[in-house]
Amino acid sequence: MTKLIDYPMTLTERPPICNLTPPGVCQFTPTWADVPLLDRIPCGTGGTSFILRFGLPDTTKPMGLTTCACLLAAAELENSGNGEKMDVIRPYTPISTNHEIGCFDLLVKDYGENGWLSSYMCQDLPIGGTIKFKHIEFNVKIPAPFTHKKIGMIAGGTGITPMIQALHAILGKGEESQQSKTEEVSLLYGSRNADDILGGEMLQKWAEDNGEKFNYVDVLSNEPEDSSYKGERGFIDKEKIQKYLPPASDGEDVIIFVCGPPIMYELLCGPRNEPEVKGILGELGYSSSQVFKF
């Protein structure tokens, strides 16, 4: 395993790594644990995205988080409206793997007033300051290694982080027994503009290094017309899904992962807590066994 100091904080230098563990061995349990912020590195072009590296309860071991799964983070923050303090809890999916010893990394966007906890972690939490994390069984999603030959991914905003976690398992080198059967994976990633893209430089590098297996497509809704951006514009719609993702007619060989804001679920596949596939994916014939809502 790579030691902490050897794993790069620069996104373009971070390779996909397949290092899977089964559920039930994560260092974080259903009991809150305080861990320190070790480093905070700006990334991307907008000045509001950061890699946040946190320590672990046991600094001699990897986190032991299964793929795909998330953590819950919490901090006591002051309500700017009435001055009262309250616990703010949000889910976060690490972009690092069990290759890291003694720490883990989050990719977080500072949404200012619209992201209370993310803004605190990106702006106010000092290096060495602590924050609470825990992991519960409910936060274990679809397990890797994946058996589907073709995987389509649809992400919006911070919904990209579960996709990064899954891509580690699909593209990364590791033990033969942990390798997914996936032969091709396509990712549609919706953002407002180029500055809002989270982890884009890393994803682009992974696509360049795995050209026959991984296709990465940005879709920008509010990018200035006179910018240098040459990719897809508008929103993730029926036309783009048909153009880039595997069709429902490929049957059990196909699965589509969806993660993003509520409006994305409403338009593309139906609410996250409803197994029935509605919206555009429903119109295109995808069944509930072919769509996984993170």
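Everything below is about the structure printed above this text.
Chemist: Give a description of the side chain of Arg 14 that names residues and reports values.
Modeler: Within the element layout of this structure, Arg 14 appears in the segment before strand S1 (33–43). What makes Arg 14 buried here is its relative accessible area of 2%. Separated by 2.7 Å, the side chains of Arg 14 and Asp 105 make a polar contact.

Chemist: Explain unusual backbone geometry residue by residue, including any values.
Modeler: The omega angle of the peptide bond from Thr 67 to Cys 68 is 5 degrees, so this bond is cis rather than trans. Within the fold, Cys 68 resides in the loop between strand S2 (49–55) and strand S3 (71–78). Each neighbour pair has its own omega, and for Ala 144 with Pro 145 the value is 5 degrees, a cis peptide bond. Take Pro 145: it is sitting in the loop between strand S6 (130–134) and strand S7 (150–156).

Chemist: Explain the layout of surface pockets residue by residue, including any values.
Modeler: Estimated volume of the second largest pocket: approximately 200 Å³. Taken together, Leu 77, Glu 78, Ser 80, Gly 112, Glu 113, Trp 116, Ser 119, Tyr 120 and Asp 124 make up the lining of the second largest pocket. Among the secondary structure elements, those contributing two or more residues to the lining of the second largest pocket are S3 and helix H1 (116–124). For the lining of the second largest pocket, the element with the highest residue contribution is H1, accounting for four residues. Looking at the lining of the second largest pocket, its residues break down into three nonpolar, three polar and three charged.

Chemist: Outline the pairing of S1, listing residues and values.
Modeler: Pairing analysis gives four bridges linking S1 to S6, with the strands arranged antiparallel. Counterpart to Asp 34 in the pairing with S6 is Lys 132. When S1 meets S2, the two strands line up antiparallel, connected through six bridges. Pairing of Leu 37 across the sheet is with Phe 54, part of S2.

Chemist: Account for the sheet that holds strand S12 (residues 291–293), with residues named and values stated.
Modeler: Across the sheet, which stays open at both edges, the six strands sit in the order S10-S9-S8-S7-S11-S12 with parallel pairing between neighbours. On the outer flanks of this sheet lie strand S10 (232–233) and S12, each paired with one strand and no other. Packing against the sheet, helix H2 (residues 160–171) makes contact with S7, strand S8 (184–191), strand S9 (214–220) and strand S11 (254–259), and its axis sits at approximately 155 degrees to S7. Against the sheet, helix H3 (residues 200–209) touches S8 and S9, its axis set at about 145 degrees to S9.

Chemist: An account of the packing of aromatic side chains is requested, with residue identities and associated values reported.
Modeler: Each aromatic ring pair is described using two quantities: the centre-to-centre distance and the angle formed by the ring planes. Throughout the structure, instances matching the rule amount to 10 aromatic pairs. Here the aromatic rings of Phe 54 and Phe 104 are separated by 5.7 Å at their centres, their planes lie at 25 degrees, and the arrangement is stacked. Taken together, the positions of Phe 54 in strand S2 and Phe 104 in strand S5 (residues 103–109) put the pair 50 residues apart, joining distant regions of the chain. Note on accessibility: Phe 54 and Phe 104 belong to one class, buried. Ring pairs connect the aromatic residues Phe 28, Phe 54, Phe 104 and Phe 133, which therefore count as one cluster. The ring of Tyr 111 carries Lys 109 above its face, with NZ or CZ at 5.9 Å from the centroid. Sitting above the plane of the Phe 138 ring, Lys 141 keeps its charged end 4.8 Å from the centroid.

What counts as what
- Residues numbered from 1 in each chain as written.
- Predicted model: local features only at pLDDT ≥ 70, side-chain atom pairs only at ≥ 80, totals over all residues.
- Heavy atoms only, no water.
- Helix = DSSP H or I, 4+ residues; strand = E, 2+ residues; numbered from the N terminus.
- Buried < 20%, exposed > 50% of the residue type's maximum accessible area, 1.4 Å probe, protein only.
- Polar contact = N/O pair within 3.5 Å; in protein donor to acceptor, adjacent residues only side chain to side chain.
- 1 Å grid on protein atoms, 1.4 Å probe; cavity = no way out; pocket = protein on both sides within 12 Å on 5 of 7 lines; lining within 4 Å.
- Points joined across faces, edges and corners; volume = space filled by probe spheres on them.
- Nonpolar A, V, L, I, M, F, W, Y, C, P; charged D, E, K, R; others polar.
- Pairing = 2+ DSSP bridges.
- Contact = heavy atoms within 4.5 Å.
- Axes fitted to C-alpha atoms, helices over the stretch in contact; angles between N-to-C directions.
- Phe/Tyr/Trp six-rings, centres within 6.5 Å; stacked < 30°, edge-to-face > 60°.
- Lys NZ or Arg CZ within 6 Å of the ring centre and 35° of its normal.

Coordinates in, geometry out; function isn't part of it.
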